[in-house]
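Chain residues, written in single-letter form:
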Amino acid sequence: MDYPSMARDVIAWMDEAGLDSALIVGHSMGGKVAMKLSEDFPRRVKGVGVVDIAPRDYQSFAHRAEFAAMNALDLRTIASRAEAELRFEGLVPDWAMRKFLTTNLERSDDGWRWVINLPVLTRALPQLEADPLGETSTYRGPIRFWRGTRSAYIRPEDERRIISLYPQARVDAIEGAGHNPHMDSRPALVAALRDYAASVA
């Protein structure tokens, strides 16, 4: 699993859906996919939206702790997502991240299961943390980045690299948001996405 292959997967889905081009928006890892897709397939992109991630490496203790928490969770012994959240408290301090992680749990006839392929994602973590881009980007179209004001995922030095890579880039803030604005600042994020989509329609 890597960013070029995930970008190709999105293009394959667009082909199947009959979409010649689209506004591509992604959050976190999805934002890296959006950046890589715009670099590799610029003619298929009307615009790019990237939520709280930058074009850089993210070797992070937090990521390792989150994956460790998910892998350590004994799915046979939980009764609800709320119980899973409680078990994550010692390893994942941010409440929004704990809630986000448990959205990947689904109840089946045999109990709870992960809807994501957790073993594959765990093995691929070094590749997923890496910068998906080189020193230059071939995408010259409209691109908008949104950073959470309570998040450290987009730093001032990241903004300088963003502007150097993308001539039309703009970095906006989502007030009160951590790394998961769709969880803790949903109305502000939805409004920002709608405004941006209207501007590139």
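Residues numbered from 1 in each chain as written. Predicted model: local features only at pLDDT ≥ 70, side-chain atom pairs only at ≥ 80, totals over all residues. Heavy atoms only, no water.

(A) Highlighting unusual backbone geometry. One non-glycine residue with positive phi stands out, namely Ser-28, at about 55°. Mapped onto the elements, Ser-28 comes out in the loop between strand 1 (22-27) and helix 2 (29-40). Look at Ser-28 and you get buried, because its relative accessible area is 17%. Of note, the phi angle at Asp-52 is positive, near 55°, even though the residue is not glycine. Looking at the secondary structure, you find Asp-52 in the loop between strand 2 (45-51) and helix 3 (61-72). (Helix = DSSP H or I, 4+ residues; strand = E, 2+ residues; numbered from the N terminus. Buried < 20%, exposed > 50% of the residue type's maximum accessible area, 1.4 Å probe, protein only.)

(B) The pattern of salt bridges, seen in detail. Going through the model one piece at a time under the given rule, you end up with 16 salt bridges. In this structure, the salt-bridge partner of Asp-40 is Lys-36, at a minimum N-O distance of 3.4 Å. In this pair, Asp-40 and Lys-36 both sit in helix 2, four residues apart, roughly one turn of the helix. Of the residues examined, Lys-36 reaches a relative accessible area of 11% and is grouped as buried. (Salt bridge = Lys/Arg side-chain N within 4 Å of Asp/Glu carboxyl O.)

(C) Up close: the packing of aromatic side chains. Tallying each qualifying case throughout the model produces three aromatic pairs. A ring pair is formed by Phe-145 and Tyr-166, whose centres lie 6.0 Å apart and whose planes are at 45°; its orientation type is tilted. Of this pair, Phe-145 sits in strand 5 (residues 143-148) while Tyr-166 sits in the loop between helix 8 (156-165) and strand 6 (169-174), placing them 21 residues apart in sequence. Like Phe-145, the residue Tyr-166 is buried in the burial classification. Considering the side-chain rings of Trp-146 and Tyr-196, the 5.7 Å spacing of their centres and the 80° angle between planes classify their relative orientation as edge-to-face. Residue Trp-146 is located in strand 5, and its partner Tyr-196 is located in helix 10 (residues 186-200); the two are separated by 50 residues in the primary sequence. In this pair, the class of Trp-146 matches that of Tyr-196, namely buried. (Phe/Tyr/Trp six-rings, centres within 6.5 Å; stacked < 30°, edge-to-face > 60°.)

(D) Region of interest: helix 1 (residues 3-17). The first and last C-alpha atoms of helix 1 sit 21 Å apart over 15 residues, in line with the 21 Å expected at 1.5 Å per residue. Residues Tyr-3, Met-6, Ala-7, Ile-11 and Met-14 constitute the buried set of helix 1. Seen from one end, helix 1 has its buried residues packed into an arc of 145°, which puts them on one side. Away from its buried face, by an angle of more than 90 degrees, helix 1 presents the exposed residues Asp-9, Trp-13 and Glu-16. Along its buried surface, helix 1 packs onto strand 1, helix 2 and helix 7 (125-129). Taken from the residues just after helix 1, Gly-18 is the one with a positive phi, measuring 75°. (Expected span 1.5 Å × (residues − 1). Arc of directions from axis to C-beta. Contact = heavy atoms within 4.5 Å.)

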